[in-house]
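Here is what each chain is made of, one letter per residue.
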Amino acid sequence: MTPKHIEEQYDAVIVGAGAAGLSAALGFHRSDAARALREAGVEPKVLVVSKLQPLRSHTGSAEGGIAASLADMEPDEWRWHYYDTVKGGDWLVDQDAARLLAEDAPMTVINLERSGVAFSRTADGRIAQRRFGGHTSDFGARPVKRAAYSADRIGHQILHTLWQQCVHYGVDFAEEWYVTDLVLDETLRRAAGVIAFDTHAGVTRAIAARNTILATGGAGRLFRTTSNSHDLTGDGMALALDAGLQLEDIEFVQFHPTGLAHTGILLSEASRGEGGVLRNADGEAFMASYAPGHADLAARDVVSRAIRSETDAGRGVADPRDPDGPKDCVWLDMTGIDPERMRRALPQVVETIEDYAGLDPTKDLVPVKPTAHYTMGGIPVTTDGEVYVWDGERRNIVEGLYAAGECSCVSVHGANRLGGNSLLDACLFGTRAGQAVAARVADDPVAAGTPADPALSDALDAAKTARDADIDTLLADAKDGDDDNAYRVMDDLSETMERGVAVLCDAGSIARAQVVVNGPIAERARRLRPHSDARTFNQELTAIWEARHLVRLAEAMIAATDARHESRGSLKRTDFPDRDDATCLNHSMTAAGAAPLRQPVHVVDIEPGARSY
Ligand SMILES: Cc1cc2nc3c(=O)[nH]c(=O)nc-3n(C[C@H](O)[C@H](O)[C@H](O)COP(=O)(O)OP(=O)(O)OC[C@H]3O[C@@H](n4cnc5c(N)ncnc54)[C@H](O)[C@@H]3O)c2cc1C
């Protein structure tokens, strides 16, 4: 779909049409500020640009649930959710942001319900909730049912509902447009808009916007084994790096313990929430000895490392499809779940196991291994979604630039995200970013439809000219027969990253990854050319940009991993095995090619303590 009209100047351009981007669009349109503008006869101009058709966004794959202390099934309080989030993040969480997340979670879920999300229900008609790892009542005392769900297809429900609401509000979409550049003025203080490649028409578009919201999702494709869809190439984060901005805590990547062997496809945590148990080659339910009290529903980083310890100790199993292959899996045993309940509560999990492994989870053990799942770090933002640059002392807001969802870091997940908290983050902080932009548009009379500031439009023109030249060079040099291509580069990169920094690492493995990524892989990415000179629907063109974005991001991730001399949350450095609050309780702020700066963590009222699960 091409936008109804291409404007000279948008009030807001939103890059990304997952939970965060669509929530931002709705947050904007439903806000008092937008209503006031419309009543004054001004129709705000908002464009959502997406490299995918919106309903293909990865949000649609989310399975297990969205966290909120609704207390529909058991006593629960936002204070417990707040505490769990801070503790689950291994204390690297900004507590002001986490408090907001927990406090506003119930309203966020209720608003989703009112918008049309069909949640699963209790017998008396309330929103049903299930257990998820790390969510407890009474400050860690016992597990609590906090994840609101829709069988195991919550993301599908949320994505479709938000999209339908956007259609209702007449939101303008530019579908299958790939954003190649984020344009700022030369001081990095103001955003001018973005450059996008319209893959249907084969032309670049300069989109001038008073406000830009990046909502481009995660970067799981940095790793060979991942639950993420193929589009999750960290574009927004790389665009920020390319524009001279920083990424926060980018060394923290969550590995979900239960990826289906050798595909990495996610088997939702709900499979353990409903009673599934992990077993080693000896049939032992080993999690009880790693995390007494929480066992299989300990936090994800703990379970992933426990699996790795079991396989390293020779108690792993091979994928039955490849019996002579590496014994790097353990069993997920779901045979204790009532088969009827399993089909009703976990239809997606059952279907995935049947289709991709040819197994019957009511009878068979299922081979699983950790899979790259979630990028905790990202573009640093305030709780209103404003992007900032940390100068060593303070946050300097980039005027007119916002980010939300998995590409951003408002620092609610710290070093390890709790299940169900990311859909919540995307919907809640996406909405807040949209509302903040609407307020800015309504407050600032210049915003309503007047031409862009010349300094900004000059910056945009220059970026478009440079991008057109890049495309001309790529297409002019298109050559058949060269056997390197973007997919191969991405494959080699993801294998290098998996070997160097996934689950466990040390200075040696990090250095080896750095040499390969910054050297030959970066060079190959620079030299990539498409094999066809077609301008329209040339998917290799966008794949080349994706490969370059991944490399850019990998360089920053490796630099940040190298600079953190401790183990915390998802990052386990075997050469620095302990958490070190005295020197490392701070966020890393990494710009391209620079050593990370350190920003103190916002500690409000929860002192860092032990994390026993
Ligand atoms: C298999 C799976 C299961 C999950 N289950 C859960 C769960 O049960 N509970 C939970 O809380 N979380 C879950 N998560 C995590 C959660 O789904 C995501 O963190 C969240 O949906 C991210 O939303 P988003 O809007 O930030 O990004 P996405 O939904 O990934 O959307 C990104 C958007 O950006 C666009 N885009 C990207 N780059 C560009 C570009 N260069 N130009 C233009 N557009 C671009 C894409 O087209 C897309 O529309 C799961 C994740 C996975 C992978």
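Residues numbered from 1 in each chain as written. Predicted model: local features only at pLDDT ≥ 70, side-chain atom pairs only at ≥ 80, totals over all residues. Heavy atoms only, no water.

Examining the overall build of the chain
For clarity, the threshold we go by: Each helix is a run of DSSP H or I of at least 4 residues and each strand a run of E of at least 2, with the numbering of both proceeding from the N terminus. The globule rule used for comparison is 2.2 Å times the number of residues to the exponent 0.38, while the radius of gyration itself is calculated over C-alpha atoms. Contacts are assigned to residue pairs that have any heavy atoms within 4.5 Å of one another. For accessible areas, the Shrake-Rupley method is used with a probe of radius 1.4 Å. Any residue's cover is judged against the shown protein chains and nothing else. Charge counting follows a simple rule: Lys and Arg are positive, Asp and Glu are negative, and His as well as the terminal groups are ignored. One atom stands in for each charge, and that atom is NZ of Lys, CZ of Arg, CG of Asp or CD of Glu.
Tallying secondary structure elements over the chain gives 17 helices and 21 strands in all. Over its C-alpha atoms the chain spans a radius of gyration of 23 Å, differing by no more than 12% from the 25 Å that the globule rule assigns to 613 residues. If one aligns the C-alpha atoms of the chain with their principal axes, the spans along those axes are about 70 × 60 × 50 Å. At a minimum sequence separation of 6, the contacts of the chain that also span at least 24 residues come to 74%. For the chain, the accessible area works out to roughly 22200 Å², and carbon and sulfur atoms hold 48% of it. In the chain, which carries 63 positive and 92 negative side-chain charges, the distance between the mean positions of the two groups comes to 2 Å.

Some thoughts on the nonpolar core
As a reminder, the rule being used: Throughout, nonpolar core names a set of buried Ala, Val, Leu, Ile, Met, Phe, Trp, Tyr and Cys residues whose side chains join them through atoms within 4.5 Å. Burial classes: relative accessible area under 20% of the type maximum marks a residue as buried, over 50% as exposed, and values in between as partly exposed (1.4 Å probe, protein chains only).
Core analysis: the biggest nonpolar cluster contains 133 residues, and Ile66 and Phe223 have the highest contact counts within it. When residues of this core are assigned to their parent elements, the largest contribution, 11 residues, is made by helix H16 (residues 539-563). If sequence neighbours within four positions are ignored, Ile66 has contacts with Val109, Leu112, Phe119, Arg146, Ala147, Ala148, Ile154, Ile158, Gly420, Leu423 and Leu424. Listed in part, the 29 residues of the second largest apolar core include Phe132, Leu267, Val349 and Val368.

Examining the UniProt feature "active site" (unreviewed entry) in the chain
To keep it simple, the criterion reads: UniProt positions are given in the numbering used here, feature names are shortened, and annotations may be inferred rather than shown by experiment.
As recorded in UniProt, the feature "active site" (unreviewed entry) lies at Arg300. Checked against the element boundaries, Arg300 lands in helix H9 (residues 300-312). Owing to a relative accessible area of 6%, Arg300 belongs among the buried residues under this scheme. With residues near it in sequence (within four places) discarded, Arg300 still touches Phe132, Gln254, Phe255, His256, Pro257, Glu269, His373, Asn416, Arg417 and Gly419.

Some words on the sheet that holds strand E9 (residues 203-208)
Where we set the bar: Each pair of strands is called paired provided DSSP finds at least two bridges between the two strands. Note on geometry: axes are C-alpha line fits, over the in-contact stretch for helices, and angles between N-to-C directions span 0 to 180 degrees.
Overall, antiparallel pairing links the 3 strands, which are arranged E7-E8-E9 in an open sheet. Edge positions in the open sheet fall to strand E7 (177-184) and E9, since each of these has one partner strand only. Within the sheet, the average angular offset between the axes of one strand and its neighbour, ignoring direction, is 25°. Here E7 pairs with strand E8 (residues 191-198) via 7 bridges, running antiparallel.

Observations regarding the sheet that holds strand E11 (residues 246-248)
The sheet built from 3 strands is open, its strands ordered E11-E20-E21 with antiparallel pairing. Whereas interior strands pair on both sides, the edge strands pair on one side only; in this sheet they are E11 and strand E21 (597-600). Geometrically, the sheet is characterised by an average inter-axis angle of 30° between neighbouring strands, direction not taken into account. Note that strand E20 (residues 586-591) and E21 share 4 bridges and pair antiparallel. Within the sheet, the bridge partner assigned to His587 lies in E21 and is Gln599.

Concerning the packing of helix H13 (residues 454-476) against H16
Just so we agree on the cut-off: What sets the label is the angle itself: under 35 degrees gives roughly parallel, over 145 gives roughly antiparallel, 65 to 115 gives roughly perpendicular, and the rest give oblique. Here a crossing is taken to be left-handed if its near helix is turned anticlockwise relative to the far helix by less than a right angle, and right-handed if that turn runs clockwise.
The interhelical angle for the contact between H13 and H16, taken along N-to-C directions, is 115°, at an axis separation of 11 Å. With respect to H16, the axis of H13 lies roughly perpendicular. With respect to the hand of their crossing, H13 and H16 are arranged in right-handed fashion. Where H13 abuts H16, its residues Arg467, Asp470, Ile471, Leu474 and Leu475 lie against Leu541, Trp545 and Arg548.

Overview of the site of the ligand
Keep this limit in mind: The nearness test applies per residue and asks whether one of its heavy atoms lies within 4 Å of the molecule or strand. In the analysis that follows, any N or O atom pair within 3.5 Å is treated as a polar contact, provided that within protein one partner can donate a hydrogen and the other can accept it, and provided that, for residues neighboring in sequence, both atoms belong to side chains. Residues are grouped as follows: nonpolar covers Ala, Val, Leu, Ile, Met, Phe, Trp, Tyr, Cys and Pro; charged covers Asp, Glu, Lys and Arg; every other residue, Gly included, is treated as polar.
Near the ligand, the surroundings consist of 38 residues, among which Ser57, His58, Thr59, Glu406 and Ser422 are the closest. Within the backbone of Gly65, a nitrogen or oxygen atom sits 2.8 Å from a nitrogen atom of the ligand. Side-chain polar atom of Ser422 to a nitrogen atom of the ligand: 2.6 Å apart, as the coordinates give it. Out of a free accessible area of 1000 Å², the ligand has 98% covered by protein chains. Listing elements by their share of the shell around the ligand, those giving two or more residues are helix H1 (19-29), strand E2 (46-50), E7, strand E15 (366-375) and helix H12 (421-443). Residue composition of the shell around the ligand, grouped by class: 15 nonpolar, 18 polar and 5 charged.

Topic: helix H11 (residues 347-357)
Those residues of H11 lying buried are Pro347, Val349, Val350, Thr352, Ile353 and Ala357. Structurally, H11 contributes buried residues whose contacts are with strand E12 (253-260), helix H7 (270-273), helix H10 (339-345) and E15. Looking one or two places after H11, you find Gly358, whose phi comes out positive at around 65°.

Regarding the side chain of Thr161
Assignment of secondary structure puts Thr161 in helix H5 (residues 154-168). For Thr161, the residues in contact, after removing those within four places along its chain, are Leu112, Ser115, Gly116 and Val117.

Things to note about unusual backbone geometry
One non-glycine residue with positive phi stands out, namely Asp90, at about 55°. Residue position: Asp90 is located in the loop between helix H3 (78-88) and helix H4 (95-115). On the basis of relative accessibility, which here comes to 6%, the residue Asp90 falls in the buried class. Residue Phe139 is not a glycine yet carries a positive backbone phi of 55°. By relative accessible area, Phe139 is classed as partly exposed at 41%.

A word on the packing of aromatic side chains
Keep this limit in mind: Note on aromatic contacts: the rings of Phe and Tyr and the six-membered ring of Trp form a pair at centre separations within 6.5 Å, being stacked when their planes are under 30 degrees apart, edge-to-face when over 60 apart, and tilted otherwise.
The full count for this structure, using the stated rule, is 6 aromatic pairs. Ring centres of Tyr83 and Phe139 lie 5.5 Å apart, and the angle between their planes is 85°; this geometry places the pair in the edge-to-face category. Within this pair, whereas Tyr83 is found in helix H3, its partner Phe139 is found in the loop between strand E4 (129-137) and strand E5 (142-148), the two being separated by 56 residues in sequence. On the numbers, 5.5 Å between centres and 75° between planes, the contact of Phe197 with Trp545 is edge-to-face.

A short note on the domain arrangement of the chain
This is how it is decided: Each domain's limits were defined by an automated method or a database of domain assignments. Summed over both partners, the accessible area lost on bringing two parts together, with a 1.4 Å probe, is the buried area. For this analysis, a salt bridge means a side-chain nitrogen from Lys or Arg found within 4 Å of a carboxyl oxygen belonging to Asp or Glu.
Taken domain by domain, the chain comprises domain 1 (66-154) and domain 2 (258-369). Summed over both sides, the interface between domain 1 and domain 2 buries roughly 1100 Å², with carbon and sulfur atoms accounting for 49% of that surface. On the surface where domain 1 and domain 2 come into contact, there are 2 salt bridges. Here domain 1 is connected to domain 2 by 8 residue pairs in polar contact (both at pLDDT 80 or more). Along the lines of polarity and charge, the residues of the side of domain 1 that touches domain 2 split into 3 nonpolar, 4 polar and 4 charged.

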